[in-house]
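# Residue-level structure breakdown
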Amino acid sequence: MFKNVQEEVFEGLITSALKEYIAYQDVCMPSDEEMEEMYPPSKKKLKKYLRMAKARKYNVSLPVLYLRRVAVVFLVLVSVTFGVLMTDGEVRASVRNAVVKWYDKYVQISFSESADESETNETNNFVETTDVSEIEQENENEEIPDMKDLKIGYVPDGFELLSSTELENTKEYMYMGQNDSCILINIYSSDNTEIAMDNEHTDYEEICVNGNEAYLVYDATEQIGTLILGNRKYTVMINADCEKADLIKIAENIK
Amino acid sequence: MISYYLSLVETEEDKEKIEYIFNTFNSFMSYTAGEVLHHNKQDVEDAVQNAMVVIIENLKMIDTTDYQRLRNLCGIISKNKAKDYCKLKDNQAASLDDTTLETLSSKELNPEGIVLQNDTYEILVKAIYDLDEKYRDVCILKYVNGYKEREIAIFLDLPPKTVSTRIFRGKNILREALRKEKLHV
């Protein structure tokens, strides 16, 4: 206790003595005006320090800082130009299409009757466009039934029809099985039908069903899949909680 | 993106701090560094720039409201940077102690003359004049300016352990000076 007090007194004395030392140092020094005459402050130096501060704050060198500035100006210009261009309807539509096509989590399948569209198979299946007229030529001899005559020929055991809707251009059948498993079959008239599917965490493959090209997205872990097939007259989309073989068999038996 | 744009904008507070330190202490820092570097303008400029780098890097720790405290800090940092610059250039510049004494004698201010009476306090003041600059600087920053040892280590670019050792040794030297005169606190 006594030692602590002694130490504090000693440190207090040191502080006073040091202050006296500093005061003497100040007396020894030239006045601020004299020092300013010897070393005049310049605005150029100040600017340099401010630039240094900025560069150090973001832990970058000065050239990088300038490059960033250029990049920012460039980005602002690009953003403004893009904003102006987006006021045009056609540009908006093109951008929308581009974004949809680039978005790799989806498969977009287009069924078209127009003869000038050709079949494209891009890598990773970003876009699939099937020219139905070509398939039609290949299956020239096969007679395609009308959409209204289509019947569901097969559903796996345990599934029962829950609801069905039949309209002029679309048909929908829903089957329910055990454990809330479900089969949903949609049939659309092939009038430039476009279908987009989420293919994240799934296997995507192209198969042949009754001589028609079909697209199968299947999650083997969850045993859930979607199969899409189409021709000149209609497009069928089957979403089902069942085995892959059953899913294909359902598609084969829609006649 | 917006945050990126914003991050490029320097805070006004930092800018003001730098401007204040520069406008108020640049000449003082240059003079202090000049004392070590024999007022070689180019060397002084480099040393002050190095000192400013330390200040800029630690702007958050710097309080601009206490003029004297900041002046002491700026002076000591620039003096230390000047000494570092000397070492770096392997300059034959005189040590700071010599320079200080030289300055004092040139101004006819003999530290011996400070001791008017042979009591504890005046012996201590004299001992502080005789104290090595490296011990005195850390003691000023700690006892006069109230900086923590960790902060002093950052400002003087020293390991914290060295700062603690210097303060301990400085105090021991001062204590020894009192013992020699058979004085005790």
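Residues numbered from 1 in each chain as written. Chains lettered and ligands numbered in written order. Predicted model: local features only at pLDDT ≥ 70, side-chain atom pairs only at ≥ 80, totals over all residues. Heavy atoms only, no water.

Moving on to the packing of helix α7 (residues 120–130) of chain B against helix α10 (residues 160–180) of chain B. Residues and elements named next belong to chain B. At their nearest, the axes of α7 and α10 sit 9 Å apart, and the two run at 130° to each other. Comparing their axes, α10 and α7 come out oblique. Like other packed secondary-structure pairs, α7 and α10 cross with a definite hand, here right-handed. The residues of α10 that touch α7, namely those facing Thr120, Ile123, Leu124, Ala127 and Ile128, are Leu174, Ala177 and Leu178. Of the residues contributing to the contact of α7 with α10, the split by class is 7 nonpolar, 1 polar and no charged. (Axes fitted to C-alpha atoms, helices over the stretch in contact; angles between N-to-C directions. Helix = DSSP H or I, 4+ residues; strand = E, 2+ residues; numbered from the N terminus. Parallel < 35°, antiparallel > 145°, perpendicular 65-115°, else oblique. Left-handed = near helix turned anticlockwise from the far one by under 90°. Contact = heavy atoms within 4.5 Å. Nonpolar A, V, L, I, M, F, W, Y, C, P; charged D, E, K, R; others polar.)

Here we take up the confidence of the model for chain B. Residue and element names in this part refer to chain B. Of the residues in chain B, 77% have a pLDDT of 70 or more, and the chain-wide mean is 78. Contacts of residues 1–9 to residues separated by more than four positions or lying in other chains number 12 contacts, the stretch itself having pLDDT below 50. In the predicted assembly, ipTM is 0.72 and pTM is 0.48. (pLDDT = per-residue confidence, 0-100.)

Let us look at the side chain of Ser181(A). Take Ser181(A): it is sitting in the loop between β5 (170–176) and β6 (182–189). Those residues within four positions of Ser181(A) in sequence are excluded, and the remaining contacts are Phe159(A), Tyr175(A), Met176(A) and Asp241(A).

In this complex, chain B contributes 57 residues to the contact, which on the side of chain A involves 44 residues. When chain B packs against chain A, the two sides together hide about 5000 Å² of surface, and 69% of this comes from carbon and sulfur. Counting across the interface, chain B meets chain A through 6 salt bridges. Residues Asp32(A) and Arg71(B) are paired through a salt bridge, measuring 3.7 Å at the closest nitrogen-oxygen approach. (Buried area = accessible area lost by both parts, 1.4 Å probe. Salt bridge = Lys/Arg side-chain N within 4 Å of Asp/Glu carboxyl O.)

This paragraph deals with unusual backbone geometry. Residue and element names in this part refer to chain A. Located in the positive-phi region is Asn179, a residue other than glycine, with phi close to 55°. The phi torsion at Asp180 lies on the positive side, around 60°, for a residue other than glycine. When you line up the elements, Asp180 lands in the loop between β5 and β6.

A separate point is the nonpolar core. Within the largest apolar cluster, 67 residues are counted, with the highest numbers of intra-cluster contacts made by Ile18(B), Ile21(B) and Ile55(B). Excluding its chain neighbours within four sequence positions, the residues that come into contact with Ile55(B) are Ile21(B), Met29(B), Ile62(B), Cys74(B) and Ile77(B). (Core = buried A, V, L, I, M, F, W, Y, C linked by side-chain atoms within 4.5 Å. Buried < 20%, exposed > 50% of the residue type's maximum accessible area, 1.4 Å probe, protein only.)

Residue and element names in this part refer to chain B. Direction vectors running N to C along helix α4 (residues 67–89) and helix α8 (residues 133–144) enclose 155°, while the axes themselves pass 11 Å from each other. Taken together, the axes of α4 and α8 lie roughly antiparallel to each other. The handedness of the crossing between α4 and α8 comes out as left-handed. Facing α4, whose interface residues are Asn72, Leu73, Ile76, Lys79, Asn80 and Lys83, α8 presents Glu133, Lys134, Asp137, Ile140, Leu141 and Val144. Taken together, the residues of the contact of α4 with α8 break down into 5 nonpolar, 2 polar and 5 charged.

As a further point, take a positive patch on the surface. Residues and elements named next belong to chain A. A surface patch of positive charge is lined by Lys43, Lys44, Lys47, Lys48, Arg51 and Arg69. Broken down by element, the residue count for the positive patch peaks at 5 residues, all from helix α3 (residues 43–57). Of note, Arg69 is situated in helix α4 (residues 62–85). (Patch = residues over 30% accessible without salt bridge, like charges linked within 9 Å, V, L, I, M, F, W, Y side chains within 5 Å. Areas by Shrake-Rupley, 256 points an atom, 1.4 Å probe, with all protein chains shown as cover. Lys, Arg positive; Asp, Glu negative; His and termini not counted. Charge placed at Lys NZ, Arg CZ, Asp CG, Glu CD.)

Bridge count between strand β8 (residues 203–209) of chain A and strand β9 (residues 212–219) of chain A: 7 bridges; the pairing is antiparallel. Its bridge partner lying in β9(A), Ile207(A) is registered against Ala214(A). (Pairing = 2+ DSSP bridges.)

The next subject is the pattern of salt bridges. For the coordinates displayed, the defined rule picks out 14 salt bridges over all chains. Residues Glu205(A) and Lys244(A) are paired through a salt bridge, measuring 2.7 Å at the closest nitrogen-oxygen approach. Of the two residues, Glu205(A) sits in strand β8 while Lys244(A) sits in helix α7 (residues 244–252), which places them 39 residues apart along the sequence. Exposure remark for Glu205(A): the relative accessible area of 27% places this residue in the partly exposed category. Here Lys142(B) ties to Glu149(B) by a salt bridge, and the two come within 3.5 Å at their closest N and O atoms. Judged by its relative accessible area of 26%, Lys142(B) is partly exposed. For Glu149(B), a relative accessible area of 26% corresponds to the partly exposed category. When salt bridges with common partners are traced through the structure, they connect Glu7(A), Glu11(A), Lys171(B) and Arg175(B) into a single cluster.

Summarising the element assignment, Phe28(B) is placed in helix α2 (residues 12–36). The sequence separation of Phe28(B) and Cys74(B) amounts to 46 residues, and the corresponding C-alpha distance is 8.3 Å. Filtering out sequence-adjacent residues up to four positions away, Phe28(B) remains in contact with Met29(A), Met35(A), Arg71(B) and Gly75(B).

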